[in-house]
Amino acid sequence: MVNKNPKVYKKMLESNHALPYKVRVDGQLFEVIVYSMLGKIAGVIVADPNGLTVDLETAKKVIIEVQKYSFYFDYLKKRAQIVKERDSITAERIEGVQRILNEKGLFGEKMQPEIDQLNLALEVYKQQQRKLDIYQEDITLLNEKIESQQEILEEDWNHAEDLSLAYAIAAYGQSLYLEKTRETRKKMLKWTQLHGKMLAPEPRRTLSKLAFALSEAQAGHIFDQIISLIPMLENGLHLNRHQEIHARVKEYGKLYEAYCRVYEPPMDKILPLIRNKKG
């Protein structure tokens, strides 16, 4: 069953918009119209180049392709929604005061190994954040290209998969290092409160700045938000979580790449949103 006006499927108080690109299935381009209510997706309609709504089976094929493309960047979208670019700002702030951690003997012999691990984790955080910022720019450019040509080409699918893999691996490694230093960050902040006043003025000021940058109100909060998304990165993968971080990230990359290639959208959740009718 088709209808010349997809808007007849729009319900009261809903808003609607078409995706900024069309999807090619079986050699034909289709448009996807999304209906929203209070900021949440309430339904979708798939229309052919003539503006006619297509049958349900065709609509399902189109929506599967849309969901596959969306899947590549689900983590990025969720992270951006929660962190709101504060991960990049935090990396810049830490860069300015991190040198205090390189002063050997400052924290005492007993605590120094943990401080060295914290320093390493912060270095990894900054390096991976630079990568993530670059990948995000590339993803933005890819989406702009697709919007401009109004279609996802084969080369775009390949590029999207490569970017998704690179972004996920960088984010996963960054997250694991941050998770590992949770307790050390707390110890360092406590040490600063107890012993910081006994330092000379300059290292005391620098240490205070570092402690503030890593506090729960600043970087600590951002780190915890990033760590909270680890389950999203690991979803659907059977990982050995008892490995060292380097080996764990390497295994993650292999498993995630394989998962991307066989990914199937959860149609049991998506099907109720499709408003196209059976033919």
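Refer to the preceding data block for the structure.
Residues numbered from 1 in each chain as written. Predicted model: local features only at pLDDT ≥ 70, side-chain atom pairs only at ≥ 80, totals over all residues. Heavy atoms only, no water.

**Student:** Help me out: how do you make sense of the overall build of the chain in this one?
**Tutor:** Of regular secondary structure, the chain possesses 11 helices and 4 strands. For 279 residues, the compact-globule formula gives about 19 Å, and the C-alpha radius of gyration of the chain, at 24 Å, lies well above that figure. By principal-axis analysis of the C-alpha atoms, the chain measures approximately 80 × 40 × 30 Å. The burial tally for the chain puts 45% of its 279 residues in the buried class. For the chain, long-range pairs separated by at least 24 residues make up 69% of all intrachain contacts whose partners lie at least 6 apart in sequence. Carbon together with sulfur atoms contributes 54% to the accessible area of the chain, which is approximately 15600 Å² in total. If the 42 positive side-chain charges of the chain are averaged to one point and the 39 negative ones to another, these points end up 6 Å apart. (Helix = DSSP H or I, 4+ residues; strand = E, 2+ residues; numbered from the N terminus. Rg over C-alpha atoms; globule rule 2.2 N^0.38 Å. Buried < 20%, exposed > 50% of the residue type's maximum accessible area, 1.4 Å probe, protein only. Contact = heavy atoms within 4.5 Å. Areas by Shrake-Rupley, 256 points an atom, 1.4 Å probe, with all protein chains shown as cover. Lys, Arg positive; Asp, Glu negative; His and termini not counted. Charge placed at Lys NZ, Arg CZ, Asp CG, Glu CD.)

**Student:** What should I look at first to understand the side chain of Thr90 in this one?
**Tutor:** Summarising the element assignment, Thr90 is placed in helix α3 (residues 86-97). Overall, Thr90 belongs to the buried group, its relative accessible area being 5%. In contact with Thr90, other than residues within four places in its own chain, are Tyr125, Ala219, Ile222 and Phe223.

**Student:** When you look at the packing of aromatic side chains in this model, what are you seeing that I'm missing?
**Tutor:** One pass over the structure, following the stated rule, counts 15 aromatic pairs. Relative to Tyr72, the ring of Phe71 has its centre 6.1 Å away and its plane inclined at 45 degrees; by these criteria the two rings are tilted. Like Phe71, the residue Tyr72 is buried in the burial classification. Their ring planes at 20 degrees and their centres at 4.1 Å tell us that Tyr172 and Tyr252 sit as a pair that is stacked. Residue Tyr172 is located in helix α5 (residues 154-180), and its partner Tyr252 is located in helix α10 (residues 245-262); the two are separated by 80 residues in the primary sequence. Like Tyr252, Tyr172 is buried. Each residue in the set Tyr21, Tyr69, Phe71, Tyr72, Phe73, Trp157, Tyr172, Tyr252, Tyr256, Tyr259 and Tyr263 is aromatic and connected to the rest through ring pairs, giving one cluster. (Phe/Tyr/Trp six-rings, centres within 6.5 Å; stacked < 30°, edge-to-face > 60°.)

**Student:** Where do I start with the pairing of strand β3 (residues 28-37) in this structure?
**Tutor:** Two faces make up the sheet, and in a regular strand the side chains alternate between them. Here 4 bridges tie strand β1 (residues 15-18) to β3, and the two strands are oriented antiparallel to one another. From the neighbouring strand, Ser15 faces β3, where its bridge partner is Ser36. Pairing of strand β2 (residues 23-25) with β3 involves 3 bridges; the strand directions are antiparallel. Along β3, the bridge assignment pairs Val25 with Gln28. (Pairing = 2+ DSSP bridges.)

**Student:** Can you walk me through the packing of helix α6 (residues 182-195) against helix α7 (residues 201-214) in this structure?
**Tutor:** What describes two packed helices is the angle between their axes and the distance between those same axes. Contact geometry of α6 with α7 gives a least axis separation of 10 Å together with a crossing angle of 140 degrees. With respect to each other, α6 and α7 are oriented oblique. Of the two possible hands of crossing, α6 and α7 adopt the one that is left-handed. In this structure, α6 contributes Met188, Leu189, Trp191 and Thr192 to the contact, and α7 contributes Leu207, Leu210, Ala211 and Leu214. (Axes fitted to C-alpha atoms, helices over the stretch in contact; angles between N-to-C directions. Parallel < 35°, antiparallel > 145°, perpendicular 65-115°, else oblique. Left-handed = near helix turned anticlockwise from the far one by under 90°.)

**Student:** Explanation requested: the packing of helix α2 (residues 74-83) against α5 in the structure shown.
**Tutor:** Between α2 and α5, whose axes approach to 10 Å, the crossing angle comes to 50 degrees. Relative to α5, α2 is oriented oblique. Crossing geometry of α2 relative to α5 is assigned as left-handed. Across the interface between the two elements, Tyr75, Leu76 and Arg79 from α2 touch Tyr167, Ala171, Gln174 and Ser175 from α5. Class assignment for the residues of the contact of α2 with α5 results in 4 nonpolar, 2 polar and 1 charged. (Nonpolar A, V, L, I, M, F, W, Y, C, P; charged D, E, K, R; others polar.)

**Student:** What's the story with the nonpolar core in this structure? I'm lost.
**Tutor:** One recurring pattern in soluble globular proteins is that nonpolar side chains are buried together. Within the largest apolar cluster, 78 residues are counted, with the highest numbers of intra-cluster contacts made by Tyr69, Phe107, Met188 and Leu214. For this core, the element with the highest residue contribution is α5, accounting for 11 residues. Setting aside its immediate chain neighbours within four residues, Leu214 contacts Ile94, Leu118, Leu122, Met188, Leu189, Ala219, Gly220 and Phe223. (Core = buried A, V, L, I, M, F, W, Y, C linked by side-chain atoms within 4.5 Å.)

**Student:** Can you help me understand the side chain of Gln174 in this one?
**Tutor:** Positionally, Gln174 belongs in helix α5. Overall, the relative accessible area of 0% leaves Gln174 in the buried class. In contact with Gln174, not counting residues within four places along its chain, are Arg79, Tyr125, Gln128, Gln129, Leu132 and Ile226.

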